[in-house]
Amino acid sequence: RYDRAGLSALAEKAGFEVVWSSYSDSLGGLLSVVYKWMNNPKGEINPRYLPWFDRFVYPPSLWLDRWTAKWFGKNAMAVLRPRPSGGVSPAPSGV
């Protein structure tokens, strides 16, 4: 898993400029830590819980993300664009 800094560093190394980055699903992130701690050390999720999560947890989490997306969440995301120079240096001629 990546945090915002790690995702941005990888993108920049690959020749992209980070336009915007944030986290999403802050409530899901907190619940996944609690779930892992209490029920399942491997963090495996029972598929029968997913419809419940999608219906009752994710919508309020999106609302909460307005205030927490800069600091934490279950998912890291970024909008990227190629660097004007193409980013990665070309190989020297004759190689």
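About the cut-offs
- Residues numbered from 1 in each chain as written.
- Predicted model: local features only at pLDDT ≥ 70, side-chain atom pairs only at ≥ 80, totals over all residues.
- Heavy atoms only, no water.
- Helix = DSSP H or I, 4+ residues; strand = E, 2+ residues; numbered from the N terminus.
- Buried < 20%, exposed > 50% of the residue type's maximum accessible area, 1.4 Å probe, protein only.
- Contact = heavy atoms within 4.5 Å.
- Phe/Tyr/Trp six-rings, centres within 6.5 Å; stacked < 30°, edge-to-face > 60°.
- pLDDT = per-residue confidence, 0-100.

Caption draft 1: Just the environment of phenylalanine 53, in detail. Tracing the backbone through its elements, the reader meets phenylalanine 53 in helix α3 (residues 50-68). Exposure remark for phenylalanine 53: the relative accessible area of 16% places this residue in the buried category. Sequence separation between phenylalanine 53 and glycine 28 is 25 residues, and the spatial gap between their C-alpha atoms is 8.3 Å. Residues in contact with phenylalanine 53, not counting those within four places in the same chain, are Asp25, Gly28, Tyr58 and Lys74.

Caption draft 2: The packing of aromatic side chains, seen in detail. Under the criterion given, the structure shown has two aromatic pairs. Where tryptophan 52 meets phenylalanine 56, the ring centres are 6.2 Å apart and the plane angle is 45 degrees; that geometry is what we call tilted. Pair noted here: tryptophan 52 and phenylalanine 56 are both in helix α3, with a separation of four residues, about one helical turn. Looking at phenylalanine 56, the relative accessible area reads 47%, which means it is partly exposed. Centre to centre, the rings of tryptophan 63 and tryptophan 67 are 4.7 Å apart; their planes meet at 65 degrees, and the pair counts as edge-to-face.

Caption draft 3: Spatial organisation of the confidence of the model for the chain. The pLDDT averaged across the chain works out to 85; a share of 87% of its residues lies at or above 70. Across residues 91-95 the pLDDT falls below 50, and counting only partners more than four positions away or on other chains, this stretch makes zero contacts in the model.

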